[in-house]
Amino acid sequence: MKKTDYYPIDFKEDFFVFLDQTKLPFEEVYVKTDDYNKIAEAIERLEVRGAPQIGVSAAYALALAFKNNNSNSSNIFETAYNRLAKTRPTAVNLFWALNEVKKIFEEKKDSENIYKLLLDKAIEIHKDDIIKCDKIGQNGLRIFHKKSNVLTHCNTGKLATAGDGTAFNVIRQGYLNNLVSFVYADETRPLLQGSRLTAFELEKSGIPFSLQSDSTAAVLMQKKMVDLVVVGADRIALNGDTANKIGTYSLAVLCNFHEIPFYISAPTTTIDKTILTGEDIEIELRSKFELLKLNNINVSVDEYEAFTPAFDVTPSHLISGIITEKDVYTFPYNFLNE
């Protein structure tokens, strides 16, 4: 694959543009739209995904609801807000971004330029995430104490954020500073965000890597081929319990057994200060067909039932550190006063 730059989300000429991630790694298909409902559907279908990227995309979508319609503004806002809020229940960045736009609407809803005002806020949220990603990458350099082999799960790069990524950017900065020698990327079942998306981004970045099935992580650790694990997060409770892509909890348990550092990387907007522990995190259940099919090809029988949580919760005592744009926090976590 040729190493070229790519922009998973953008706002150009009054349209939201996104890279359809369901087509990767075989096709780079960009979609251009000014329809907030189409963006909502893209979030639900995982054409747009990753907690920070979902939040930025939803902010643009909420603004676009007013692009061609300024009458009955409260009804328009409420309809668009509610539609976007129900797309993905676990990722707290979605609700944070929607509420940031909502503050502007409530202050300025009688303005003739409400679309521009909401759009300016969406652009601000977009730029803010780019800055946060940069700072996360720099702070993440502190977790490396030697040149390391790193294992990661799911996808946490540009394809999950508005910037250069969270956990992926920690890895990328480590590689650029001669602190990462090799990356093991879990395929990340059932939707293969690792083998489709993280592999795509690692190759684009020129970082040496290999893929493995999720269940191979234990063997890699047993053979002392992994020095540390760093992954992302979709929601973090005040005590540090963390929801991330299903399979993350398994990695944390394995790291604990093998005495390997296990890190979470996320912006502070992923910290939900309304919940005390991971028990309060709502876990999204996906369609069983995401497990029974691959690329719409059956790998099992449609009539079978399947248990398909999109995320699991890792208890805070299993986490060596949480890397944010502000600091690297360690156990015991208490973000209440941050």
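Structure shown above.
Owing to the predicted nature of the structure, the values given are computational and were not obtained by experimental measurement.

Chemist: Honestly, the state of the cysteines in this entry has me stumped. Any pointers?
Modeler: Throughout this description, disulfide means a covalent bond between two cysteine sulfur atoms. Using the criterion set out here, one finds 0 disulfides in the structure. Cys-154 provides the cysteine sulfur closest to Cys-255, a residue in no disulfide bond, and the two sulfurs are 16 Å apart. Its relative accessible area of 1% is what places Cys-255 among the buried residues.

Chemist: For this particular structure, what's the right way to read the packing of helix α2 (residues 51-64) against helix α4 (residues 92-108)?
Modeler: Axis angle and axis distance: for two packed helices, these are the angle between their axes and the distance between the axes, and together they describe the pair. It is the contact of α2 with α4, at a shortest axis distance of 7 Å, that shows an interaxial angle of 30°. Here α4 runs roughly parallel to α2, going by the angle between their axes. Of the two possible hands of crossing, α2 and α4 adopt the one that is right-handed. Residue-level inspection shows Ala-51, Pro-52, Ile-54, Gly-55, Ala-58, Ala-59 and Leu-62 of α2 in contact with α4, the latter providing Asn-93, Leu-94, Ala-97, Leu-98 and Val-101. By residue class, the composition of the contact of α2 with α4 is 10 nonpolar, 2 polar and no charged.

Chemist: Mind showing me how you'd approach the layout of surface pockets here?
Modeler: Here the idea is plain: a probe the size of a water molecule rolls over the atoms and shows the empty space left. For the largest pocket, the calculated volume is near 650 Å³. Together, 22 residues line the largest pocket, and Thr-22, Leu-191, Leu-294, Asn-295 and Asn-296 are the ones closest to its centre. Secondary-structure elements contributing two or more residues to the lining of the largest pocket are α7 (193-205), α10 (289-292) and β11 (293-294). Sort the elements by how many residues they give to the lining of the largest pocket and α7 lands first, with 3 residues. Across the lining of the largest pocket, the residue classes break down as 8 nonpolar, 6 polar and 8 charged.

Chemist: Explain unusual backbone geometry here, please?
Modeler: Leave glycine aside and you will find that most residues have negative phi; peptide bonds, for their part, are mostly trans. The peptide bond linking Arg-189 to Pro-190 adopts the cis configuration, its omega dihedral lying at 5°. Residue placement: Pro-190 occurs in the loop between β5 (180-186) and α7. In the segment running from Phe-331 into Pro-332, the intervening peptide bond is cis, with an omega of 0°. Along the chain, the position of Pro-332 falls in the segment after β15 (328-329). Located in the positive-phi region is Leu-46, a residue other than glycine, with phi close to 65°.

Chemist: Explain the sheet that holds strand β2 (residues 15-19) to me, please; I cannot follow it from the model alone.
Modeler: Either a parallel or an antiparallel arrangement is found when strands of a sheet pair, and the pairing is made through backbone hydrogen bonds. Reading across from one edge, β1-β2-β3 is the order of the 3 strands in this open sheet, with antiparallel pairing throughout. Strand pairing shows two members of the sheet lacking a second neighbour, β1 (9-12) and β3 (30-33), which therefore form its edges. Direction aside, neighbouring strands of the sheet carry axes that sit 20° apart on average. Sheet topology places β2 next to β3; 4 bridges connect them, and they run antiparallel. Bridge pairing links Phe-18 to Val-31 in β3. Together, β1, β2 and β3 form the strand contacts of α2, whose direction differs from that of β1 by roughly 25°.

The rules behind the values
- Residues numbered from 1 in each chain as written.
- Predicted model: local features only at pLDDT ≥ 70, side-chain atom pairs only at ≥ 80, totals over all residues.
- Heavy atoms only, no water.
- Disulfide = S-S within 2.5 Å.
- Buried < 20%, exposed > 50% of the residue type's maximum accessible area, 1.4 Å probe, protein only.
- Axes fitted to C-alpha atoms, helices over the stretch in contact; angles between N-to-C directions.
- Helix = DSSP H or I, 4+ residues; strand = E, 2+ residues; numbered from the N terminus.
- Parallel < 35°, antiparallel > 145°, perpendicular 65-115°, else oblique.
- Left-handed = near helix turned anticlockwise from the far one by under 90°.
- Contact = heavy atoms within 4.5 Å.
- Nonpolar A, V, L, I, M, F, W, Y, C, P; charged D, E, K, R; others polar.
- 1 Å grid on protein atoms, 1.4 Å probe; cavity = no way out; pocket = protein on both sides within 12 Å on 5 of 7 lines; lining within 4 Å.
- Points joined across faces, edges and corners; volume = space filled by probe spheres on them.
- Pairing = 2+ DSSP bridges.

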